Amino acid sequence: MSGKVRHYYAGGNTAKGFYSLYESALEDLERVYILKGGPGTGKSSLMKKIGDIMESKSLNVEYLHCSSDNDSIDGVILPDYKVGIVDGTAPHIIEPKAPGVVEEYVNLGVAWDSQKLANDKQTILSLNKDIAGKFEIAYKTFAEALAAHDEIEEIYILNMNFDKANQLTDEVISLLYGEEQLEKKSKIKHRFLGAATPLGAVDFIQNLTSDVQNRYFIKGRAGSGKSTMLKKIVAEGEKRGFDIEVYHCGFDPNSLDMVIIRERDVAIFDSTAPHEYFPERDTDKIIDMYERCINPGTDEKYADEIERTTKAYKGKMKEAISYLAEAKQLRDRLEAIYINAMDFQVVDEMQQTILNEIEAYIK
C-alpha cells in the first residue's frame, strides 16, 4: 500500500509581501534539518531525492513547494514521524526552538569553491540587488491588484443580505459537524493551497482533496462572504475539538480559500477563479453564495463597474506575475554561478548522511 503524498505551500508572494506560514507548518516536528546555502547549491534536489526515497518506502510525505520557482521545493515532511527538511535561507528564515536537539543546521556552503565565487562577487551582488528589486515591485503591484479587487468586493458587500449569509453559514456548519463534539484540544494547521508563481497561479486543491469523501464547492463573487463562512467553520471546529487544515489565500493571506476537516472526511473550498473547479464525483456539492445571499440582478445592475474594476485587477495581477518571472530569470543566472562553483559529490555525501540519520530515527 502506497503512502499519501500531499502538496502545498508554506510561503507565498502576496499583496502583503512575502508571507510565511512556516511556523505553523513545522510546529509539531521533533526533528528538523535546516538547509543553508546559496541558490543553486542543491537544497531542493536534496530534499526531492529524500522525498522520493521515502515515497518508495510507502511512507506519507508532504512537499512544501516554492512560490518563486515552480520546479523547486522548500521543504519535505514525514508527518507520521514528525521529521522534516527545509530550506532555511531568505525569505523563509526558520527560527529554531532547540538547535542541536530539534533542529540541525546543514551548511551546503562547505561544498562550494569560495575563490570561484569571489571572482564573480560584483555580478552576485548586482544580481541579488536586481532580484530584490523585482520582488519589491511585484509585491507593490499585487497590492494595487488587491485594491482593485476590494472595489469589486465593495459592490457585492453593499448588495449582500447578511441575515441570509448567516443562515447559510449556520446550515453549512450543521451539515459539516452535525452534533459531534470531540473531547480533545483542536490542532490547527495554517497553509497555502496555491500561490502566485512565475508561471501564474498554481493550486493543489485536487491533490489535497483526493482522498476526502465529501467536497463542497463554494461559488460566488468577490465579497459574497466565502472567506467569512470558512473562518466561522474553522472557529466552530476548533471549539468542538476537531483538527483542521486551514488554507489561506495566496493573493490575500488574510482571506481563507479552503478548510479540510479530515476527521469528518470533509473539504470545503472557494471554487472560483483562479482555482475554479466543478463537481466530478457523486458526493461533490455546490454552495452558491451569490444565489443565496446577494440581491438578485446585482451582476446586471453594476455590469459596467464590475467589468472596469475586474479588468484593472486582472491587468495588475498579470503585471505582478511578469515581475516574478523576471526575478526567476535573474535567479537562474545567479544559480548558474553557484552551480559552477559547487562540488556536488560533497552535497551527495551530505544527503546520504541526512538520509541515514532519518532512517535510523524513524526505526
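Refer to the structure printed above.
This is a predicted model, so every value here is computed, not measured.

Right, let's get into the overall build of the protein. Per the secondary structure count, the protein includes 11 helices and 16 strands. Along the longest, intermediate and shortest principal axes, the C-alpha atoms of the protein span 70 × 50 × 35 Å. Taken over 363 residues, the protein has a buried fraction of 52%. The long-range fraction of contacts in the protein, counting pairs at least 24 apart against all pairs at least 6 apart in sequence, stands at 79%. For the protein, the exposed area adds up to about 17,300 Å²; of that, 50% sits on carbon and sulfur atoms.

Within the structure shown, the criterion is met by eight aromatic pairs. Ring geometry for Trp112 and Tyr338: centres 5.6 Å apart, planes at 55°, overall tilted. Of this pair, Trp112 sits in the loop between strand S8 (103-107) and helix H3 (114-119) while Tyr338 sits in helix H10 (residues 303-340); the two residues are 226 residues apart in sequence, bridging distant segments of the chain. When its relative accessible area of 27% is taken as the criterion, Trp112 is described as partly exposed. Overall, the relative accessible area of 12% leaves Tyr338 in the buried class. One residue, Arg31, lies across the ring of Tyr33, its end atom 5.2 Å from the ring centre. For Arg191, the ring lying beneath its charged end belongs to Tyr8, and the centroid distance is 4.2 Å.

Let's shift gears to the packing of helix H4 (residues 121-158) against H10. Running from amino to carboxyl end, H4 crosses H10 at an angle of 165°, the nearest separation of the two axes being 8 Å. Between H4 and H10, the angle falls in the class roughly antiparallel. Crossing geometry of H4 relative to H10 is assigned as left-handed. By residue class, the composition of the contact of H4 with H10 is 25 nonpolar, six polar and 11 charged.

Enumeration according to the criterion identifies one cavity of 30 Å³ or more in this entry. There is about 30 Å³ of room inside the largest cavity. If you trace the largest cavity, you find it lined by Ile50, Met54, Val76, Leu78, Val83, Gly84, Ile85 and Ile358. Elements supplying a minimum of two residues to the lining of the largest cavity: helix H2 (43-56), strand S6 (73-78) and strand S7 (83-87). For the lining of the largest cavity, the element with the highest residue contribution is S7, accounting for three residues. When the residues that make up the lining of the largest cavity are grouped by side-chain class, the tally is seven nonpolar, one polar and no charged.

For the rest of this paragraph, the subject is the nonpolar core. Counting residues in each nonpolar core, the largest one holds 59 residues, and the members touching the most others are Phe142, Ile233 and Ile268. Here this core gets 13 residues from one element, more than from any other, and that element is H4. Once you skip the residues sitting within four places of it in the chain, Ile268 turns out to touch Val172, Leu176, Tyr216, Ile218, Met229, Leu230, Ile233, Asp257, Met258, Val259 and Ile287. Membership of the second largest hydrophobic core comes to 28 residues, among which are Tyr8, Leu26, Leu29 and Ile94.

Let us now look at the environment of Asp170. Position of Asp170 relative to the elements: it lies in helix H5 (residues 162-177). Among the residues examined, Asp170 registers a relative accessible area of 53% and is labelled exposed.

Before going further, it helps to spend a moment on the layout of surface pockets. Rolling a probe over the atoms, with the probe sized like a water molecule, indicates the empty space that remains. Roughly 790 Å³ of volume is contained in the second largest pocket. What lines the second largest pocket is a set of 39 residues, and nearest its centre among them are Pro39, Lys43, Asp87, Arg331 and Glu335. At the level of secondary structure, the elements contributing two or more residues to the lining of the second largest pocket comprise H2, S6, H4, H10 and helix H11 (344-362). Considering every element that reaches the lining of the second largest pocket, the biggest residue donor is H2, with six residues. Considering only residue class, the lining of the second largest pocket consists of 14 nonpolar, 15 polar and 10 charged.

How each quantity is defined
Residues numbered from 1 in each chain as written. Predicted model: local features only at pLDDT ≥ 70, side-chain atom pairs only at ≥ 80, totals over all residues. Heavy atoms only, no water. Helix = DSSP H or I, 4+ residues; strand = E, 2+ residues; numbered from the N terminus. Buried < 20%, exposed > 50% of the residue type's maximum accessible area, 1.4 Å probe, protein only. Contact = heavy atoms within 4.5 Å. Areas by Shrake-Rupley, 256 points an atom, 1.4 Å probe, with all protein chains shown as cover. Phe/Tyr/Trp six-rings, centres within 6.5 Å; stacked < 30°, edge-to-face > 60°. Lys NZ or Arg CZ within 6 Å of the ring centre and 35° of its normal. Axes fitted to C-alpha atoms, helices over the stretch in contact; angles between N-to-C directions. Parallel < 35°, antiparallel > 145°, perpendicular 65-115°, else oblique. Left-handed = near helix turned anticlockwise from the far one by under 90°. Nonpolar A, V, L, I, M, F, W, Y, C, P; charged D, E, K, R; others polar. 1 Å grid on protein atoms, 1.4 Å probe; cavity = no way out; pocket = protein on both sides within 12 Å on 5 of 7 lines; lining within 4 Å. Points joined across faces, edges and corners; volume = space filled by probe spheres on them. Core = buried A, V, L, I, M, F, W, Y, C linked by side-chain atoms within 4.5 Å.

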